[in-house]
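Now for the letters of each chain:
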Amino acid sequence: MKRYDLVVVGGGFAGVASAISASRQGVSVLLIEKSNCLGGASTNSLVNPFMPTVTHIERERVELNRGIFEEIKNELKKRNAMLWDGFLEEELKLILNRMVLSSGVDILFHAQLTEVKAINDKIFSISLATIGGIEEIEADYFIDATGDAQLSYLSGVPCMQGRRTDGLCQPMTLCFRVGNVDFDKFSKSASKMQEEYKIAKEKSEIKNPRENILYFQLPQKNVVHFNTTRIVKKSPTCVYDLTKAEIEAREQVFEIYEFMKKHAQGLEDSFILSTASQIGVRESRQIIGKYTLTEADCLECRKFEDSVVACNYDIDIHNPEGTGTSHHYFKDGEYYTIPYRCLVPSKIDNLLVAGRCISSTHEAQASYRIMPVVCNLGQVAGVAMAQAIKEKIKPSDIDISKLQAQLKLDNLFIGI
Ligand SMILES: Cc1cc2nc3c(=O)[nH]c(=O)nc-3n(C[C@H](O)[C@H](O)[C@H](O)COP(=O)(O)OP(=O)(O)OC[C@H]3O[C@@H](n4cnc5c(N)ncnc54)[C@H](O)[C@@H]3O)c2cc1C
């Protein structure tokens, strides 16, 4: 049986940053991912672009989410794989492999976590479903970066899901790309297309509950990215619902494309280039941790004593029941912080959680779930875990001021 100081489950932005940052601190790390590449939602679900999190503090421009996230962006830029905040995910996959391997982390692809052996609030080993059968891996410490809090859930950590009132999560979306588009013509005709879309919705000619067609330009010339299908009232942690969601979303892709072909310009020679290999999940399980971040914390721009990450992204809630998207935009200069305690589960002593599934309410998650922020959360988890490993203590017992000092040295803006 293989054994590591630290096992990180999930190779999205949170898992990648956790693994790299822990390994840079000198601990042995295995990064486990069920798909064939790193990047998580950005590669498996074609999520693009990076949402910007810039503000001004005393008139100075401040990027709130830096560190490993900035290193990744710099690598993309070096390879001409970024346009504004849009990026080429094939280049990203290569960059992430290289960054993770060169930091000394071992990677295991095609390995899905299925079982956990935990005794007296400590995880001893995990089981992975692989092509060769079940692999068991032991480690002293674990980070759950699965997005769905899968490792925490299987370890018996209490979790919650969706809105307090009815448990509904934000909608799922199957992203897709259209190729061979005359983008200038398309964008000029877009406002007319959006009007026609509203009319078609009023006449119930469109089944997709989304209120408009959401699209982005990417670095590839003539390729348009659509983040516009919307699957509501289905649970992302129920395999039957996930299956229905994939089928319904695929119908929506073609519904939207055929609608656009009729009502937009520039698509005459276009075709559906790709759909994501799996539907994008904005929200599923959240752990219940030592602290639960709330909407009030975000709205009041709270700065916690144990702040580790700062965020000012819109509280962006795609209606879990149907049409509409609600927003709360932070003013320039405003931001809130995320306390370290949100990464510490209420149970299990050798586990930290990073990424979109940390301890928070539905509303707070709607803001910090974006890629720059989850990447920072991952970096924090990795550094914190390395500290716990070196001192042979629980991650809940580490010296927070020492952690914060290291994070600042590692070029993170922690907000205090
Ligand atoms: C449709 C959609 C649009 C979005 N739009 C934007 C946007 O425009 N800009 C932005 O910045 N953010 C956007 N987001 C949010 C952002 O993409 C995600 O919240 C973020 O990428 C989550 O990162 P993560 O590392 O926490 O989780 P993920 O990226 O979900 O990574 C988790 C990884 O764990 C792996 N995994 C899960 N379970 C197991 C298991 N049992 N065994 C092994 N591996 C496992 C998964 O395969 C995955 O690779 C969007 C999200 C969605 C779904």
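In this text the structure is predicted, and so the values were computed from the model without any measurement.

> Would you mind showing me how to read the overall build of the protein here?
Across its full length, the protein carries 12 helices and 23 strands. For 416 residues, the compact-globule formula gives about 22 Å, and the C-alpha radius of gyration of the protein, at 21 Å, lands near that figure. Principal-axis analysis of the C-alpha atoms places the extent of the protein at approximately 65 × 55 × 45 Å. If you take every contact in the protein between residues at least 6 apart in sequence, the share linking residues at least 24 apart comes to 76%.

> Would you explain helix 4 (residues 89–102) in this entry?
Helical periodicity: at 3.6 residues per turn, an α-helix aligns residues three or four positions apart in one direction. Taking 1.5 Å per residue, 14 residues should reach 20 Å; helix 4 reaches 20 Å between its end C-alpha atoms and fits that length. Here helix 4 has its buried residues at Glu89, Leu92, Ile95, Leu96 and Val100. An end-on view of helix 4 places all buried positions within 125° of arc, on one side of the element. Every exposed residue of helix 4 that faces more than 90 degrees away from the buried side is listed here: Glu90, Arg98 and Ser102. Of the surrounding elements, those touching the buried residues of helix 4 are helix 1 (13–24), strand 2 (29–32), helix 2 (41–44), helix 3 (68–78), strand 6 (86–87) and strand 7 (106–108). One or two steps after helix 4, the chain reaches glycine 104, where phi turns positive at roughly 100°.

> Before we go on, may I ask you to explain the site of the ligand in this structure?
Taken together, 39 residues surround the ligand, and among them Gly10, Gly12, Gly40, Gly280 and Gly355 come closest. For the shell around the ligand, the elements supplying multiple residues, two or more each, are helix 1, helix 2, strand 8 (112–119), strand 17 (280–281) and helix 11 (371–391). Broken down by class, the residue content of the shell around the ligand amounts to 16 nonpolar, 17 polar and 6 charged. Counting only domains with at least three residues in the shell around the ligand, you end up with domain 1 (2–164 + 283–409) and domain 2 (172–281).

> Just to check I follow, could you spell out the sheet that holds strand 16 (residues 271–275) for this structure?
Judged by pairing direction, the sheet is antiparallel, and its 4 strands sit side by side in the order 14-15-13-16 without closing on themselves. For this open sheet the edge positions go to strand 14 (215–217) and strand 16, each flanked by a neighbour on one side alone. Averaged over all neighbouring strand pairs, the angle between strand axes comes to 30°, with direction disregarded. Summarising the sheet, strand 14 and strand 15 (residues 224–226) pair through 3 bridges and their orientation is antiparallel. Opposite phenylalanine 216, over in strand 15, you have histidine 225 as the bridge partner. Of the strands in this sheet, strand 13 (176–179), strand 15 and strand 16 are in contact with helix 8 (residues 239–263), which crosses strand 16 at around 155°.

> What am I meant to see in the environment of serine 284 here?
Relative to the elements of secondary structure, serine 284 occurs in the loop between strand 17 and strand 18 (285–287). Taking C-alpha positions, serine 284 is 23 Å from alanine 118, a pair spaced 166 residues apart along the chain. Residue contacts for serine 284: discarding those within four places in its chain leaves Asp148, Gln161, Cys169, Pro236 and Thr237.

> Hey, could you run me through the packing of helix 11 against helix 12 (residues 400–409) in this one?
Think of two packed helices as two axes; the pair is described by the angle between the axes and how far apart they sit. Axis separation between helix 11 and helix 12 bottoms out at 10 Å; the angle between their running directions is 130°. Judged by the inter-axis angle, helix 11 sits oblique to helix 12. Of the two possible hands of crossing, helix 11 and helix 12 adopt the one that is right-handed. Here helix 11 contributes Val380, Val383, Ala384 and Gln387 to the contact with helix 12, which in turn contributes Lys402, Leu403, Gln406 and Leu407. The residue inventory of the contact of helix 11 with helix 12, partitioned by class, reads 5 nonpolar, 2 polar and 1 charged.

> Even after reading the chapter, I still don't get unusual backbone geometry, so can you show me in this structure?
Most peptide bonds take the trans configuration, and most residues that are not glycine carry a negative phi. Cis geometry is found at the peptide bond from asparagine 48 to proline 49, where omega equals -5°. Among the structural elements, proline 49 can be located in the loop between helix 2 and strand 3 (54–57). Positioned with a positive phi, asparagine 80 is a non-glycine residue whose angle comes to about 55°. Along the chain, asparagine 80 falls in the loop between helix 3 and strand 5 (82–83).

> Where do I start with the domain arrangement of the protein in this structure?
Accessible area lost upon the coming together of the parts is a frequently used measure of interface size. Assigned domains within the protein: domain 1 (2–164 + 283–409) and domain 2 (172–281). On a C-alpha basis, the centroid separation for the pair domain 1 and domain 2 is 28 Å. In this complex, domain 1 contributes 26 residues to the contact, which on the side of domain 2 involves 22 residues. Looking at the side of domain 1 that touches domain 2, the elements with two or more residues in it are helix 2, strand 5 and strand 6. Residues that form the side of domain 1 that touches domain 2 fall into these classes: 10 nonpolar, 12 polar and 4 charged.

> How should I be thinking about the environment of histidine 263 in this particular structure?
Within the element layout of this structure, histidine 263 appears in helix 8. Using a count of 19 C-beta atoms within 10 Å as the deciding quantity, one classes histidine 263 as partly exposed. In this structure the C-alpha to C-alpha distance between histidine 263 and serine 189, which are 74 residues apart in sequence, comes to 8.3 Å.

> What should I look at first to understand the pairing of strand 2 in this one?
Within a regular strand, the side chains alternate between the two sheet faces. What you see with strand 2 is no split at all: Val29 and Leu31 on one side and Leu30 and Ile32 on the other are buried throughout. As paired strands, strand 1 (residues 2–9) and strand 2 are joined by 4 bridges and run parallel to one another. When the bridges of strand 2 are listed, leucine 6 appears paired with valine 29. Regarding the hand of the β-α-β motif, the stretch spanning strand 1, helix 1 and strand 2 is right-handed. Of the strand pairs in this sheet, strand 2 and strand 7 are connected by 3 bridges, and their pairing is parallel. Of the residues in strand 7, the one forming a bridge with isoleucine 32 is leucine 108.

Cut-offs and rules
- Residues numbered from 1 in each chain as written.
- Predicted model: local features only at pLDDT ≥ 70, side-chain atom pairs only at ≥ 80, totals over all residues.
- Helix = DSSP H or I, 4+ residues; strand = E, 2+ residues; numbered from the N terminus.
- Rg over C-alpha atoms; globule rule 2.2 N^0.38 Å.
- Contact = placed C-beta atoms within 7 Å.
- Expected span 1.5 Å × (residues − 1).
- Buried ≥ 20, exposed ≤ 12 C-beta atoms within 10 Å, placed from the backbone.
- Arc of directions from axis to C-beta.
- Near = placed C-beta within 6 Å.
- Nonpolar A, V, L, I, M, F, W, Y, C, P; charged D, E, K, R; others polar.
- Domains from an automatic or database assignment.
- Pairing = 2+ DSSP bridges.
- Axes fitted to C-alpha atoms, helices over the stretch in contact; angles between N-to-C directions.
- Parallel < 35°, antiparallel > 145°, perpendicular 65-115°, else oblique.
- Left-handed = near helix turned anticlockwise from the far one by under 90°.
- Right-handed = clockwise from strand over helix to strand, strands pointing away.

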